[in-house]
Amino acid sequence: MKYRELGRTGWKISTVSFGAWAIGGSWGGVQDADSLAALHKALDLGVNFFDTADVYGDGHSERLIARLRKERTEPFYVATKAGRRLNPHVADGYNRANLTAFVERSLKNLNVETIDLLQLHCPPTDVYYRPEAFAALDGLVKAGKLRHYGVSVERVEEALKAIEYPGVQSVQIIYNIFRQRPAELFFQEAKKRRVGILARLPLSSGMLSGKMKKGSEFSKDDHRNFNRHGEQFDRGETFSGVDYDLGLSVVEQLRPLVPKGMSLAQFALRWIQMNSAVTCSIPGAKRPDQVEQNALAADFPAIAKAKMAAVQKIYAARVRPVVQPYW
């Protein structure tokens, strides 16, 4: 495993970390025994950063991570998120009272006195223009409820606005072979301010694992079934906003670029690491074997320049036109 510094926190975190959305819900059936085995395997392999949220399984993901902390002695960092419990999910809801209540609930779920990193969970764009929301987070840091805070965003413009607030330590954003726009401007601005970058959906909801087919079926409670067109939340969160059939077609173009002994998923994760502005990727996993395959990506050598150029060419021709205008 390799490690990079997260913003100005002083933490060195694993370049391939653990995204805990899948063990909470919205990714089909999962058993707690498998989830806990996956979490333990991650620690065994040097993963020391886990990303969750209060709405993943209505707190179940957070509670599983609390069990992990109870069962292990080695230190690790936990990032959670707040805001998506709001109904309706509107900017006015991101106020001191609500944020404090969300934090208190996560503290209980995680069984800790202080949250390592709290992220606003893809709030409405208007929240980034409300300094009082970020002042509330500053107050929670001063009160000892949070060590640090950051944001999880849908759009590049939101990320650029968020890092104007001096307390923002990290930005979580969709960045993968299908979603390359963050690297065009945002990454260099984040690097200037020493803001950490957490790359979410690194495998584009599993599309970049190369295991999906035209006839693949997903369970009713899997967002890859019910949110392909943004029925429940931003459609960019499902397959990065790329049409399913187009994604399958692009994957076939990518396969010949994968070096021998490497899977397409590992290639996709290693591709993310090639950008030094990115602190880590946070692929999800529901089983220990998935964790192991993800973690191995950190140890592969750099991808050859010619292959990086080929990926860029495929993206520019096939994917950029359908995602660039939206995110």
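In what follows, the structure referred to is the one given above.
Here is what the cut-offs are and how they apply
- Residues numbered from 1 in each chain as written.
- Predicted model: local features only at pLDDT ≥ 70, side-chain atom pairs only at ≥ 80, totals over all residues.
- Heavy atoms only, no water.
- Helix = DSSP H or I, 4+ residues; strand = E, 2+ residues; numbered from the N terminus.
- Buried < 20%, exposed > 50% of the residue type's maximum accessible area, 1.4 Å probe, protein only.
- Polar contact = N/O pair within 3.5 Å; in protein donor to acceptor, adjacent residues only side chain to side chain.
- Contact = heavy atoms within 4.5 Å.
- Salt bridge = Lys/Arg side-chain N within 4 Å of Asp/Glu carboxyl O.
- Core = buried A, V, L, I, M, F, W, Y, C linked by side-chain atoms within 4.5 Å.
- Phe/Tyr/Trp six-rings, centres within 6.5 Å; stacked < 30°, edge-to-face > 60°.
- Lys NZ or Arg CZ within 6 Å of the ring centre and 35° of its normal.

Trainee: For the side chain of lysine 81, give the residues involved together with the corresponding values.
Mentor: By the secondary structure assignment, lysine 81 is in strand E5 (residues 77-82). For lysine 81, a relative accessible area of 1% translates into the label buried. A distance of 2.7 Å separates the side chain of lysine 81 from the side chain of aspartate 51, its partner in a polar contact. In terms of polar contacts, lysine 81 uses its side chain to reach the backbone carbonyl oxygen of threonine 52, at 2.9 Å. Beyond its immediate chain neighbours, meaning those up to four positions away, lysine 81 contacts Asp51, Thr52, Ala53, Asp54, Tyr56, Leu118, Gln119, His121, Ser152 and Gln172.

Trainee: Any chance you could break down helix H9 (residues 264-273) for me, citing the residues and the numbers?
Mentor: Counting buried residues in H9 gives 10 out of 10 residues, a clear majority hidden from the surface. For H9, every residue scored as buried is listed here: Leu264, Ala265, Gln266, Phe267, Ala268, Leu269, Arg270, Trp271, Ile272 and Gln273. In this structure, the buried side of H9 is in contact with strand E1 (3-5), strand E9 (196-200), helix H8 (244-254), strand E10 (280-281), helix H10 (288-296) and helix H11 (305-323).

Trainee: I'd love a proper account of the pattern of salt bridges, names of residues and values included.
Mentor: One pass over the structure, following the stated rule, counts 22 salt bridges. The partner of arginine 181 in a salt bridge is glutamate 157, and the shortest N-O contact between them spans 2.4 Å. Taken together, the residues arginine 181 in the loop between strand E8 (168-174) and helix H6 (186-192) and glutamate 157 in helix H5 (residues 156-162) connect sequence positions 24 residues apart. The exposure class of glutamate 157 is partly exposed, given its relative accessible area of 41%. Salt bridges here are not isolated pairs; linked through shared partners, they connect Asp44, Arg72 and Glu74.

Trainee: Now, about the nonpolar core: what can you tell me, with residues and values included?
Mentor: The biggest cluster of nonpolar side chains holds 90 residues, and the ones touching the most others in it are Phe18, Phe50, Phe134, Val171, Phe178, Phe186 and Leu254. Take this core: its biggest share by element is seven residues, from H9. If near-sequence neighbours (up to four positions away) are discounted, phenylalanine 50 is found in contact with Phe18, Leu39, Ala42, Leu43, Ile65, Leu68, Phe76, Tyr77, Val78 and Ala79.

Trainee: Help me get a handle on the packing of aromatic side chains, residues and values and all.
Mentor: The final tally for this structure, using the stated rule, is 14 aromatic pairs. Arranged with centres 4.8 Å apart and planes meeting at 70°, the rings of tyrosine 175 and phenylalanine 187 form a pair that is edge-to-face. Of this pair, tyrosine 175 sits in the loop between E8 and H6 while phenylalanine 187 sits in helix H6; the two residues are 12 residues apart in sequence, bridging distant segments of the chain. Assigned by exposure class, tyrosine 175 and phenylalanine 187 land together as buried. Joined through ring pairs, the aromatic side chains of Trp21, Tyr56, Phe226 and Phe233 make up one cluster. Here the guanidinium or amino end of arginine 69 rests over the ring plane of phenylalanine 76, the centre of that ring lying 4.5 Å away. Against the face of tyrosine 244 rests arginine 228, its NZ or CZ located 4.3 Å from the ring centre.

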